[in-house]
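# Summary of structural features
Here is how the chains run, residue by residue.
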Amino acid sequence: MRIGLGYDIHRFKKSKKGFFLLSGVRIPSGFRMDAHSDGDIMLHAVSDAILSALGLPDIGVYFPPGKPQTRNINSALILKYALHNAKKRKLKVSGASIVVVLEKPKMAPYRAEIQYALAKLLGTTMDKVGITFKTFENLKPFANCAISCMATALLTEGKRK
Ligand code: MG
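Let me sum up the structure you'll find in this document. (Residues numbered from 1 in each chain as written. Predicted model: local features only at pLDDT ≥ 70, side-chain atom pairs only at ≥ 80, totals over all residues. Heavy atoms only, no water.)

## Concerning the pattern of salt bridges
Short version of the rule: Just to be clear on terms, a salt bridge is a Lys or Arg side-chain nitrogen sitting within 4 Å of an Asp or Glu carboxyl oxygen. Secondary structure is summarised from DSSP: a helix means a run of H or I of at least four residues, a strand means a run of E of at least two, and numbering begins at the N terminus for each. Each residue's exposure class comes from its accessible area (1.4 Å probe, protein chains only) as a fraction of the maximum for that residue type: buried when under 20%, exposed when over 50%, partly exposed otherwise.
Here the structure, examined in full by the defined rule, presents one salt bridge. A salt bridge links Asp34 to Lys13; its shortest N-O distance comes to 3.8 Å. Of this pair, Asp34 sits in strand E2 (residues 25-34) while Lys13 is found in strand E1 (residues 2-22), placing the two residues 21 residues apart along the sequence. Among the residues examined, Lys13 registers a relative accessible area of 36% and is labelled partly exposed.

## Notes on the packing of aromatic side chains
Counted only if it meets this: Working definition: rings of Phe, Tyr and Trp (its six-membered ring) pair if their centres are within 6.5 Å, and the pair is stacked with planes under 30 degrees apart, edge-to-face with planes over 60 apart, and tilted otherwise.
Taken as a whole and assessed by the stated rule, the structure comprises five aromatic pairs. When the ring of Phe12 is compared with that of Phe20, the centres are 5.2 Å apart and the planes differ by 50 degrees; the resulting orientation is tilted. Neither Phe12 nor Phe20 differs from the other in exposure class; each is buried. With 5.5 Å between their ring centres and 85 degrees between their planes, Phe63 and Tyr81 make a pair best called edge-to-face. Of this pair, Phe63 sits in the loop between helix H2 (59-62) and helix H3 (75-88) while Tyr81 sits in helix H3, placing them 18 residues apart in sequence. In this structure Tyr81 comes out as partly exposed when scored by relative accessible area, which is 29%. Taken together, the ring pairs in this structure connect Phe12, Phe20 and Phe31 into an aromatic cluster.

Structure follows, in structure tokens:
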């Protein structure tokens with residue numbers, strides 16, 4: 001059994017017809033992520049948690065920011081890489097717990113869709129994936145300027161579903 005912790009933060013950029021991604025789910029917003037990749041912060045934090053549980057370095061080592069080959073990269077590919085490394089060691093994700101911090105929009109209407117999407121990507125079920133949304137309590141400079149995410153992943157022996 002292994003446990004890993006991951007963290008990520010991205011700046012928000014104002015955008016009239018914007019959206020940002022959480023586990024591949026499009027969240028309509030007046031902001032978009034400032035990112036070299038597709039900016040899917042949740043998949044970045046979860047991927048780092050899995051790699052950390054395996055004693056491996058962070059995703060920036062495998063998918064260096066600023067390189068042409070990682071420009072606008074679909075972060076599901078980053079997660080797949082982390083899962084591939086777990087599978088090589090005969091480990092699967094048995095649980096993931098995530099905290100996302102952002103001021104708006106209110107995320108409750110999107111929770112189930114995000115939970116389902118992440119569980120599917122991890123090869124597990126929704127009841128093994130917990131997602132908590134918090135705010136920055138309007139604290140500058142973070143409120144409406146950034147989104148951050150923390151994630152833990154529990155890996156146990158066995159095959160993915
Ligand atoms: Mg990131």
